[in-house]
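# Structural description and commentary
Read off the chains here:
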Amino acid sequence: IFKNATDASIVVAHEIATLIQTKQKESKNCVLGLATGSSPVKVYEELVRMHKEEGLSFHNVITFNLDEYYPMTKENNQSYHYFMHEHLFNHIDIKPENINIPDGTVAIDEINQYCIDYEMSIKTVGGLDFQLLGIGRTGHIGFNEPGSHVNSGTRIITLDHVTRSDASSAFNGISNVPKKAITMGVSTVLKSKRIVLLAWGENKADVITTTIQGEISSDIPATFLQNHNNTTFILDVFAASQLT
Ligand code: F6R
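Thresholds, definitions, all that
- Residues numbered from 1 in each chain as written.
- Predicted model: local features only at pLDDT ≥ 70, side-chain atom pairs only at ≥ 80, totals over all residues.
- Helix = DSSP H or I, 4+ residues; strand = E, 2+ residues; numbered from the N terminus.
- Rg over C-alpha atoms; globule rule 2.2 N^0.38 Å.
- Buried ≥ 20, exposed ≤ 12 C-beta atoms within 10 Å, placed from the backbone.
- Contact = placed C-beta atoms within 7 Å.
- Core = buried A, V, L, I, M, F, W, Y, C linked by C-beta atoms within 7 Å.
- Pairing = 2+ DSSP bridges.
- Axes fitted to C-alpha atoms, helices over the stretch in contact; angles between N-to-C directions.
- Parallel < 35°, antiparallel > 145°, perpendicular 65-115°, else oblique.
- Left-handed = near helix turned anticlockwise from the far one by under 90°.
- Nonpolar A, V, L, I, M, F, W, Y, C, P; charged D, E, K, R; others polar.
- Near = placed C-beta within 6 Å.
- pLDDT = per-residue confidence, 0-100.

Before going further, it helps to spend a moment on the overall build of the protein. Counting secondary structure elements, the protein contains seven helices and nine strands. What you see for the protein is a C-alpha radius of gyration of 17 Å, in line with the 18 Å of a compact globule of 244 residues. Reported as C-alpha extents along the three principal axes, the dimensions of the protein are approximately 45 × 45 × 35 Å. In the protein, buried positions account for 43% of the 244 residues. Put simply, 79% of the contacts in the protein that link residues at least 6 apart link residues at least 24 apart.

Written as structure tokens, this is what we have:
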């Protein structure tokens, strides 16, 4: 629990940087699962700073983003593709071919195979070394909304009304928020060797309390993290304010 999101984000960015550098010394790739949204913005800011000022290189980094709205073009400035390039990829030396973000333009009848392939690409590079997560007020991680099975893999899902309403200001009204998304599954996330979940602000306090102190249930998919053996929740005092 940190005083503020800035201090906390710097600690998380440094953990990621250390992992990347450790893997570099071993001549290995570092496979990162990444999130979008407001929570990780300062982590990406610090990673960009470390690249520019301290020479942190991303040449051995392979990334897989958690999710993308569906349908959604890459050029749309609401897309997670756009977000990731704006906040991270445009400012670092990652190889473009090492960036993986679910494609919101895949034809509907090709999505199932696309999701199987996405899952397989993660496996092929040895699985996720580190997964960065935010949490939605529904208890979603990625876009695994309530009802998501612990064994779920990458797939197309229908967004919860609460999630769409939280996104509505960015889209200029809820009617413009896509109804669906492609997301990594709960099991995709849980297979990561290390997981760090970020939550800031009072409006996350309820879901953080239920996630950490409540029963494990697909009603709050983030509760499945309780069974993961290497997960840390990084909170500010406001998100932690209802923990007992
Ligand atoms: C985004 C994602 C979502 C967000 C969550 C919290 O890639 O997977 O689970 O992490 O909706 O969003 P923010 O950080 O905007 O509160």
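Having seen the model, we can carry on.
The biggest cluster of nonpolar side chains holds 64 residues, and the ones touching the most others in it are Val 12, Leu 133, Val 196, Leu 197, Leu 198, Ala 199 and Ile 234. Per-element tally for this core: the top contributor is helix α1 (residues 5-25), with six residues. Apart from residues no more than four positions distant in its own chain, Leu 197 is found in contact with Leu 133, Ile 135, Leu 225, Thr 231, Phe 233 and Ile 234.

Along the chain, the position of Glu 75 falls in the loop between β3 (67-70) and α3 (80-87). As a C-alpha pair, Glu 75 and Leu 32 span 43 residues in sequence and 23 Å in three-dimensional space.

Moving on to the sheet that holds strand β9 (residues 231-235). Where strands meet in a sheet, backbone hydrogen bonds hold them as pairs that are either parallel or antiparallel. Across the sheet, six strands lie side by side as β4-β2-β1-β5-β8-β9; this open sheet has parallel pairing. Two strands close off the open sheet at either side, each with one partner strand: β4 (99-100) and β9.

The next thing to look at is the packing of α1 against helix α2 (residues 41-54). In the contact formed by α1 and α2, the axes pass within 8 Å of each other and the chain directions differ by 55°. As far as their axial angle goes, α2 and α1 are oblique. Remark: the crossing between α1 and α2 carries right-handed chirality. Residues Ala 5, Thr 6, Ser 9, Ile 10, Val 12, Ala 13, Ile 16 and Ala 17 of α1 touch α2, and the partners they reach there are Lys 42, Val 43, Glu 46, Leu 47 and Met 50. Partitioning the contact of α1 with α2 into residue classes produces nine nonpolar, two polar and two charged.

Moving on to the site of the ligand. Near the ligand lie 14 residues; those nearest to it are Gly 37, Ser 38, Ser 39, Gly 134 and Gly 136. Grouping the constituent residues of the shell around the ligand by class yields five nonpolar, eight polar and one charged.

Summing up the model confidence of the protein, the mean pLDDT is 98 and the portion of residues at 70 or higher is 100%. Prediction confidence for the complex, expressed as pTM and ipTM, is 0.98 and 0.99 respectively.

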